[in-house]
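Structural characterization, general
Spelled out, the chains give:
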Amino acid sequence: MNNLDIYVDEIKFEEEILKCHADADLTGMSAASRMIVDSDNMSFIYLLDDGDAFRRVHFVKETWSMLNDYRNKEIMLNGRITLADFWEEMDFLLDNIVDNNNYGREFESAVREQFRI
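Residues numbered from 1 in each chain as written. Predicted model: local features only at pLDDT ≥ 70, side-chain atom pairs only at ≥ 80, totals over all residues. Heavy atoms only, no water.

**Observations regarding the packing of aromatic side chains**
The condition is simple: Working definition: rings of Phe, Tyr and Trp (its six-membered ring) pair if their centres are within 6.5 Å, and the pair is stacked with planes under 30 degrees apart, edge-to-face with planes over 60 apart, and tilted otherwise. Only runs of H or I of at least four residues qualify as helices and only runs of E of at least two qualify as strands under DSSP, and these elements are numbered from the N terminus. When a residue's accessible area, from a 1.4 Å probe over protein chains only, is under 20% of the maximum for its type it is buried; when over 50% it is exposed; and in between it is partly exposed. Placement of a charge over a ring requires the Lys NZ or Arg CZ to be within 6 Å of the ring centre, with the centre-to-atom vector within 35 degrees of the ring normal.
All told, the structure shown has 10 aromatic pairs when counted by the stated rule. Between the aromatic rings of phenylalanine 59 and phenylalanine 86, the centroid separation amounts to 5.3 Å while the plane-to-plane angle is 65°, which identifies the pairing as edge-to-face. Residue phenylalanine 59 is found in strand β5 (residues 54–60), and its partner phenylalanine 86 is found in helix α2 (residues 86–97); the two are separated by 27 residues along the sequence. What makes phenylalanine 59 buried here is its relative accessible area of 0%. Ring centres of tryptophan 64 and phenylalanine 107 lie 5.8 Å apart, and the angle between their planes is 85°; this geometry places the pair in the edge-to-face category. One end of the pair, tryptophan 64, is in helix α1 (residues 64–69); the other, phenylalanine 107, is in helix α3 (residues 105–115), with 43 residues separating them in the sequence. Of the two residues, tryptophan 64 and phenylalanine 107, neither departs from the other in class, the shared state being buried. Among the aromatic residues, those joined into a cluster by ring pairs are Phe44, Trp64, Tyr103, Phe107 and Phe115. Across the ring face of phenylalanine 54, the terminal group of arginine 34 is positioned such that the distance to the ring centre comes to 5.6 Å.

In structure tokens form, the structure reads like this:
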């Protein structure tokens, strides 16, 4: 882990918003509207832009059930940053992962199971 990595450690659904918490200072960061995956570490990653580099917000496997249960709800990090285009990006990744061995069998299987696809 380095200073470019931020890990979501808690998710709550309150006031129709999926509120994510990470122990990180988000000053000067904005939503980049892009997601990638780290299939080796079973993580979906939302990118934040700090003006100089992308910071990676990790949604590890333990958070996936909340993501699946509250799909398409507004999603916010630390009450400060709305993760714009999160669900569009997530849907694109999910469509791409199914039946694609490039992500590794273990990751694909876990995604299929958790997101029921």
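Okay, back to it.
**Thoughts on the side chain of threonine 63**
The residue threonine 63 is located in the loop between β5 and α1 in this model. Exposure remark for threonine 63: the relative accessible area of 9% places this residue in the buried category.

**Regarding the pairing of strand β6 (residues 74–77)**
The condition is simple: For two strands to be treated as a pair, DSSP must find at least two bridges joining them.
In this structure, strand β2 (residues 17–22) lies alongside β6, joined through four bridges in parallel fashion. Its bridge partner lying in β6, cysteine 20 is registered against leucine 77. Judged from the two bridges that link them, β6 and strand β7 (residues 81–82) form a sheet pairing that is antiparallel. Looking across to β7, one finds that methionine 76 is bridged to threonine 82. Between β6 and β7, which pair antiparallel in sequence order, lie three residues; one of them, asparagine 78, sits at a positive phi of approximately 55°.

**Looking at the packing of α2 against α3**
For clarity, the threshold we go by: Axes here mean lines fitted to C-alpha atoms, for a helix over just the part in contact, with angles spanning 0 to 180 degrees between N-to-C directions. Oblique is the label for any angle not covered by the other classes, which are roughly parallel (under 35 degrees), roughly antiparallel (over 145) and roughly perpendicular (65 to 115). For any helix crossing, the convention is left-handed if the near helix is rotated counterclockwise from the far helix by under a right angle, and right-handed if that rotation is clockwise. Residues are treated as being in contact if the distance between any of their heavy atoms lies within 4.5 Å. Under the scheme applied here, ten amino acids are nonpolar (Ala, Val, Leu, Ile, Met, Phe, Trp, Tyr, Cys and Pro), four are charged (Asp, Glu, Lys and Arg), and all others, including Gly, are polar.
Where α2 contacts α3, the two axes come as close as 10 Å, and the packing angle between them is 125°. It follows from the interaxial angle that α2 and α3 lie oblique. Once α2 is placed against α3, the crossing between them reads as left-handed. On α3, the residues touching Met90, Leu94 and Ile97 of α2 are Phe107, Glu108, Val111 and Phe115. Taken together, the residues of the contact of α2 with α3 sort by class into six nonpolar, no polar and one charged.

Geometric descriptors of this kind do not, in isolation, establish any biological role.
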